[in-house]
Amino acid sequence: MSPGGHFAPARVRAVHDVASDVRMIELEPSSGARAYPTGSHIDIAVEVEGLPDVRSYSLVGERPLDGAYRIAVKDVADSRGGSRFVRALEAESDVEVSDPKSHFELHYGRPEYLLVAGGIGITPLVGMSHALARHGRPFRLLWAARSRAQMPFLDELSELLGDRLELYVSEEGNRLELGQQIDQLHPDGELYLCGPLRMRDAAQRAWRERERAREQLRFETFASGGRFPPEEFVVRVRDRDDQEIVVPRNRTMLDALGDHGVELMWDCRRGECGLCQVAVLEAEGELDHRDVFLSEEQQAQGASLLTCVSRAVRGAVTIDSGFRPAWTR
Ligand SMILES: Cc1cc2nc3c(=O)[nH]c(=O)nc-3n(C[C@H](O)[C@H](O)[C@H](O)COP(=O)(O)OP(=O)(O)OC[C@H]3O[C@@H](n4cnc5c(N)ncnc54)[C@H](O)[C@@H]3O)c2cc1C
C-alpha cells in the first residue's frame, strides 16, 4: 500500500517499549535518514479500517541514530486504528514514510526558554532539550503526565537536565500551574508547548493575560483529540436542499460528507491548513473545534469549522459547504 506523493520506502530496524503505553520504533529509510531541525515530524502511511491513511509522529532526539529515525507511539484508547497499525509493526517490516517536516522549530537567540510537555507531547521536546543543553542556553522542561510509568525517556532526561526537569504527575497529586511558570520566565523568553488542546488553551490564556508577545508562545498539538469525546452527530447541508448526513463516531465530518457526494477541498487533514473549512449556519449543541487554524476568537464565534478534525456535540449542525450548481454561479 502506498499513499503516493512524497512517501518513500523504509524498513523497521527495531521496536521496543519505552513506557507502559509507549512504543519506540526505529525506521531506516532506504534512501538514508536526513538531518532535521528539532521539533520535526514524519508522516507514515498507515491503514485504518482497510483504507490507506496517514499519521504523523515527532522525531525523537536531535538527529537520526545510526541512520534511523526514532518515533515513540502512544497506545490511544479510542483510536480509529492509526496508532494500532504503527505499534503493530515488527523489526524488518516495510513501511512508507515522508521526509522530516518542520512546523515546530526551535528559535535560537532568546535569553530563556520554557519547554512544556503534556504526556506523549514530550517527543519533540527531547531533541529540543538536548539542543538547548548542548548550546548552554537557560531553560527548564516541565512535563505533566498521569503516572511515571507512562513517561518515556525519564532516565535520559533526568540525567541530562537534573533539576531543570520538573515533573507534574497527577497520580502523585502534582498539578502544573502554567501562569506561575510563565511569571518566572524572562520577559523575552519563549515557551514551547506540546500537549493536548486543553493544555494549549490554558497556556494561551495565561500568556495573553500577562500581555506577552504572541509569537513567543509556540506550540504543537497532536491534533484530533478534542475537548469532548467523539460522538455521532448530524450535518444538514443547506446548499444541498438541507441534505442530512450522519457522521459516525469513528469518522471525520470531511469523510462522511465525501461518502455522500459532498466533496470539499482538503490537504493536511490535521486541522492546520484550513482548506476544508465550511460556514456554520446553525448549531444545536456545541462545536468541538479541534484545529489549530482558526483563532480562539473565531472558534468562540462558531461561524465556521474545519471538517477534517472538528465535530459537533449534542445535536445537529447546519452548514453551507460552498457548493453552487453551475447554473447559479
Ligand atoms: C505533528 C504531529 C506529531 C505527532 N507526534 C506523535 C508522537 O510523537 N507520538 C504519538 O503517539 N502521536 C503523535 N501524533 C499523533 C498521531 O499522529 C496520531 O494522531 C495518533 O497516533 C492517534 O492516531 P489513531 O489513528 O490511533 O487515533 P485517531 O483515531 O486519530 O484518534 C485520535 C484522537 O482523535 C479522536 N477521534 C476519534 N475519532 C475521531 C473522529 N472521527 N474525528 C476526530 N477525532 C476523532 C479520539 O478521541 C482520539 O483522542 C502526532 C500528531 C501530529 C499532528
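Note that this is a predicted model, so its numbers are computed, not measured.

Draft legend 1. View of unusual backbone geometry. Of note in this structure, phenylalanine 153 is not a glycine but carries a positive phi near 65°. Of note in this structure, arginine 314 is not a glycine but carries a positive phi near 55°. In this fold, arginine 314 is placed in the loop between strand E17 (311-313) and strand E18 (317-320). Under the relative-accessibility criterion, arginine 314 is labelled exposed at 51%.

Draft legend 2. Broad picture of the layout of surface pockets. Computed from the structure, the second largest pocket encloses a volume of approximately 340 Å³. Gln204, Arg208, Arg214, Phe219 and Glu296 are, among the 15 residues lining the second largest pocket, the residues nearest its centre. Here the lining of the second largest pocket gets four residues from one element, more than from any other, and that element is helix H5 (residues 197-209). When its residues are assigned to classes, the lining of the second largest pocket shows six nonpolar, two polar and seven charged. Taken domain by domain, the makeup of the lining of the second largest pocket includes at least three residues from each of domain 2 (113-220) and domain 3 (233-328).

Draft legend 3. Expanded view of helix H3 (residues 154-161). Of the positions making up H3, those classed as buried are Leu154, Leu157 and Leu161. Each buried residue of H3 sits inside an arc of 70° when the element is viewed along its axis, so together they form one side. Of the residues in H3, the exposed ones pointing more than 90 degrees away from the buried face are Asp155 and Glu159. In this fold, the buried residues of H3 make contact with helix H2 (123-134), strand E8 (139-145) and strand E9 (165-169). Where H3 terminates, the next one or two residues include glycine 162, which has phi positive at roughly 55°.

Draft legend 4. Structural context of the domain arrangement of the chain. Taken domain by domain, the chain holds domain 1 (8-97), domain 2 (113-220) and domain 3 (233-328). Here domain 1 and domain 2 have C-alpha centroids that lie 24 Å from each other. Across the contact, 17 residues belong to domain 1 and 15 residues belong to domain 2. Summed over both sides, the interface of domain 1 with domain 2 buries roughly 1200 Å², with 60% coming from carbon and sulfur. Inspection of the domain 1/domain 2 interface yields one salt bridge. Across the salt bridge formed by glutamate 62 and arginine 134, the nearest N and O atoms sit 2.5 Å from each other. On the surface where domain 1 and domain 2 come into contact, there are three residue pairs in polar contact (both at pLDDT 80 or more). Of all the elements in the fold, those that place two or more residues in the side of domain 1 that touches domain 2 are strand E1 (8-19), strand E2 (22-29) and strand E5 (69-74). Looking at the side of domain 1 that touches domain 2, its residues break down into seven nonpolar, six polar and four charged.

Thresholds, definitions, all that
Residues numbered from 1 in each chain as written. Predicted model: local features only at pLDDT ≥ 70, side-chain atom pairs only at ≥ 80, totals over all residues. Heavy atoms only, no water. Helix = DSSP H or I, 4+ residues; strand = E, 2+ residues; numbered from the N terminus. Buried < 20%, exposed > 50% of the residue type's maximum accessible area, 1.4 Å probe, protein only. 1 Å grid on protein atoms, 1.4 Å probe; cavity = no way out; pocket = protein on both sides within 12 Å on 5 of 7 lines; lining within 4 Å. Points joined across faces, edges and corners; volume = space filled by probe spheres on them. Nonpolar A, V, L, I, M, F, W, Y, C, P; charged D, E, K, R; others polar. Domains from an automatic or database assignment. Arc of directions from axis to C-beta. Contact = heavy atoms within 4.5 Å. Buried area = accessible area lost by both parts, 1.4 Å probe. Salt bridge = Lys/Arg side-chain N within 4 Å of Asp/Glu carboxyl O. Polar contact = N/O pair within 3.5 Å; in protein donor to acceptor, adjacent residues only side chain to side chain.

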